[in-house]
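Spelled out from the first residue to the last, the chains are:
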Amino acid sequence: MAGPTTPTTPQLFDMGGKVAVVTGGGRGIGEGIAHSLAEAGASIVVAARRTDEIEKVAADIVAAGGQATAVATDVTDSDALEALAQSAVDTYGRLDTWVNNAGGSPARMKLDKLPREEWDNTISLNLTAVYVASVTAARKMETGSIINISSGAGFGAIPKSAHYGAAKAGVHSLTYSLAAELAPRVRVNCVAPGAIPTEIMMQALDLDEESVEGLVDAWQIPMGRLGTPQDIGAACLYFASDASSWVTGQVIQVSGAPSRR
Ligand code: NAD
């Protein structure tokens, strides 16, 4: 029960006065995360490579009454990550939340056919960038929350996407270790999405609008539907806000299904 010093539940989820960076925020899941955090009151720095996409997301947030800026960033460039973190502090005076969402790999092939370059690029984007960004962000935060976006592919065997699965499994390990190293100042958690029909997912699985709905039956998704960017945004809001102030080093699967291990 709420007392004079105990926050109410809406206060726990309130992001008013907080500043969040969302990488890969120009479309898909990152766009959904940016909107969820903005609707809860956070000022958002939307970051990705494509200026047209991030400027549109920032403009949509501002048009809805929120605060947002767009900063063109390639997350595989360490200097660009440093500049991104600094621009959040320069623009809004602080940094509270950092969402490592940029990622993916459209390549679907067995490891013995996978070009070495594709392996290196996948690890660089999905794992190394998460490590560099997290360390960079934590240095700029007084206290805060880092949220990694992994994938169901980070659990078990993923034939023809082993490179991607290995990178995302690495993100889980990084989440546990960084959470231990950065506590109690900065919390580190991870959201592992299931199937969300975004551009990268449709491309990776060679799907069109018609065939994508068949996945619910083909993959026997117990909750009977595919996911949405907002499903992931809501989980990120929990990890970003004081509602999860006693939670760190966790990986939550938001997938319409029981946990895979
Ligand atoms: P998407 O392709 O729709 O969006 C990816 C975003 O990342 C884009 O804004 C893109 O510009 C950005 N990006 C890519 N490379 C970048 C780079 N080097 N620097 C900066 N930005 C870069 O993909 P999505 O489906 O929204 O995926 C977002 C995250 O969710 C990824 O980490 C992906 O692995 C993960 N994921 C997606 C699904 C799914 O079903 N869609 C499932 C599990 C996990």
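Residues numbered from 1 in each chain as written. Predicted model: local features only at pLDDT ≥ 70, side-chain atom pairs only at ≥ 80, totals over all residues. Heavy atoms only, no water.

## Topic: the site of the ligand
Lining the immediate surroundings of the ligand are 27 residues, of which Ile29, Asn101, Tyr164, Ile196 and Thr198 lie closest. At 3.4 Å from an oxygen atom of the ligand is found a main-chain nitrogen or oxygen belonging to Gly194. At 2.9 Å, a backbone N or O of Ile196 approaches an oxygen atom of the ligand. For the ligand, whose unbound accessible area comes to 830 Å², protein coverage reaches 95%. If you list the elements that add at least two residues to the shell around the ligand, you get helix H2 (28-39), helix H6 (162-182) and helix H7 (199-204). Here the residues of the shell around the ligand are counted per class, giving twelve nonpolar, eleven polar and four charged. (Near = heavy atom within 4 Å. Polar contact = N/O pair within 3.5 Å; in protein donor to acceptor, adjacent residues only side chain to side chain. Areas by Shrake-Rupley, 256 points an atom, 1.4 Å probe, with all protein chains shown as cover. Helix = DSSP H or I, 4+ residues; strand = E, 2+ residues; numbered from the N terminus. Nonpolar A, V, L, I, M, F, W, Y, C, P; charged D, E, K, R; others polar.)

## Thoughts on the pattern of salt bridges
Two side chains carrying opposite charge are able to pair once their charged atoms lie near each other. Evaluation of the coordinates by the stated rule reveals ten salt bridges. Residues Lys18 and Asp242 are paired through a salt bridge, measuring 3.1 Å at the closest nitrogen-oxygen approach. Of this pair, Lys18 sits in the loop between helix H1 (9-13) and strand E1 (19-23) while Asp242 sits in the loop between helix H10 (229-240) and strand E7 (251-254), and the two are 224 residues apart along the sequence. One network of salt bridges, in which partners are shared, links Arg27, Arg50, Asp52, Glu53 and Glu199. (Salt bridge = Lys/Arg side-chain N within 4 Å of Asp/Glu carboxyl O.)

## Looking at the pairing of E1
Burial analysis of E1 places five of its five residues in the buried class, which makes it a mostly covered element. Of the two faces of E1, both are covered, the one formed by Val19, Val21 and Thr23 as well as the one formed by Ala20 and Val22. Here E1 pairs with strand E2 (residues 43-48) via five bridges, running parallel. Residue pairing in the sheet places Val21 in a bridge with Val45 of E2. Once the chain exits E1 it traverses H2 before rejoining the sheet at E2, and the crossover so formed is right-handed. By the bridge criterion, three bridges tie E1 to strand E4 (residues 97-100) in an arrangement that is parallel. If you follow Ala20 over to E4, its bridge partner there is Thr97. (Buried < 20%, exposed > 50% of the residue type's maximum accessible area, 1.4 Å probe, protein only. Pairing = 2+ DSSP bridges. Right-handed = clockwise from strand over helix to strand, strands pointing away.)

Without other data, these values stay purely geometric and don't point to any function.
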